[in-house]
Amino acid sequence: MTSTRPARDAALHADADRPSRREQILQAAAQLFAERGSRAVGVDDVGAAVGVTGPAIYRHFSSKDAMLAEMLVRISERLLAGGSEVVAVAGDDAPEQLRALIAFHVDFALDNPALITVQDRDLGNLAESDAAQVRRLQRRYVEVWVAVLARLHPAADAAACRARAHAVFGLINSTPHSAGRLGRPAMAALLSDMAWAAATAS
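Residues numbered from 1 in each chain as written. Predicted model: local features only at pLDDT ≥ 70, side-chain atom pairs only at ≥ 80, totals over all residues. Heavy atoms only, no water.

Draft legend 1. Expanded view of the packing of aromatic side chains. Overall, the coordinates contain five aromatic pairs when judged by the stated rule. Each ring, one from Phe 104 and one from Tyr 141, has its centre 6.5 Å from the other, and the planes form 70°; the classification is edge-to-face. Of the two residues, Phe 104 sits in helix 5 (residues 94-111) while Tyr 141 sits in helix 7 (residues 128-152), which places them 37 residues apart along the sequence. No difference in accessibility class separates Phe 104 from Tyr 141, as the two residues are buried. With centroids separated by 5.2 Å and ring planes inclined at 90°, the aromatic side chains of Trp 145 and Phe 169 adopt a geometry described as edge-to-face. Taken together, the positions of Trp 145 in helix 7 and Phe 169 in helix 8 (residues 158-172) put the pair 24 residues apart, joining distant regions of the chain. For the pair Trp 145 and Phe 169, a shared accessibility class is recorded, and that class is buried. An aromatic cluster is built from Phe 104, Phe 108, Tyr 141, Trp 145 and Phe 169, whose rings are joined through pairwise contacts. (Phe/Tyr/Trp six-rings, centres within 6.5 Å; stacked < 30°, edge-to-face > 60°. Helix = DSSP H or I, 4+ residues; strand = E, 2+ residues; numbered from the N terminus. Buried < 20%, exposed > 50% of the residue type's maximum accessible area, 1.4 Å probe, protein only.)

Draft legend 2. The arrangement of helix 10 (residues 184-200) in detail. An ideal rise of 1.5 Å per residue puts 24 Å on 17 residues; helix 10 measures up with 24 Å between its terminal C-alpha atoms. Looking at helix 10, one finds that the buried residues are Met 187, Ala 188, Leu 191, Ala 195 and Ala 199. The arc enclosing the buried residues of helix 10, seen along the axis, measures out at 95°, which places them on a common side. Counted as exposed and oriented over 90 degrees from the buried face of helix 10: Pro 185 and Asp 193. (Expected span 1.5 Å × (residues − 1). Arc of directions from axis to C-beta.)

Draft legend 3. Structural detail: the nonpolar core. Core analysis: the biggest nonpolar cluster contains 60 residues, and Val 46, Met 67, Met 71, Leu 72, Leu 126 and Trp 145 have the highest contact counts within it. Elements represented by at least two residues in this core include exactly helix 1 (21-36), helix 2 (43-50), helix 4 (64-90), helix 5, helix 6 (113-122), helix 7, helix 8 and helix 10. Excluding its chain neighbours within four sequence positions, the residues that come into contact with Leu 126 are Leu 68, Ala 69, Leu 72, Ala 131 and Val 134. (Core = buried A, V, L, I, M, F, W, Y, C linked by side-chain atoms within 4.5 Å. Contact = heavy atoms within 4.5 Å.)

So this is what it looks like as structure tokens:
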């Protein structure tokens, strides 16, 4: 039976089934950056991974740093857009909104382990202006969660809800360290249950 799961680390793709050459380069770079760290990967390494010469990469990106910047901006945009969408689709029920956010983030983390690793480890390697853009997008995504958590914990202030959101992210984003130890359905169920417990504990 053919799997309906998206390609690994396909959050960079506008169309997961038909990635452009630029998106293939970003995906290969994400894998290499996750394995070695962005500073240890050269343009020639990325070119070899997608079957082109290093200089051909420069038709798409001006530098390795440009790849990293676009990679982290794209996934931050995808998280914000996806999180906002699932909350809207869930309606006005706060528990359903939280379940939707958890399911969305768990799927994202399990489907994009290299991107999760790069986002966690290499944000500090971005130029200041690029890092600022990524952080703005990340803060907006956090606030999507904070708005839902505030409804579930009306006595908690925004700072407490924000800390709770980050704790849930830390739990879910641990997947690059645990992926493969369980099958995907079992891992998704475990992460979802643990995230729910962390998000709703009094």
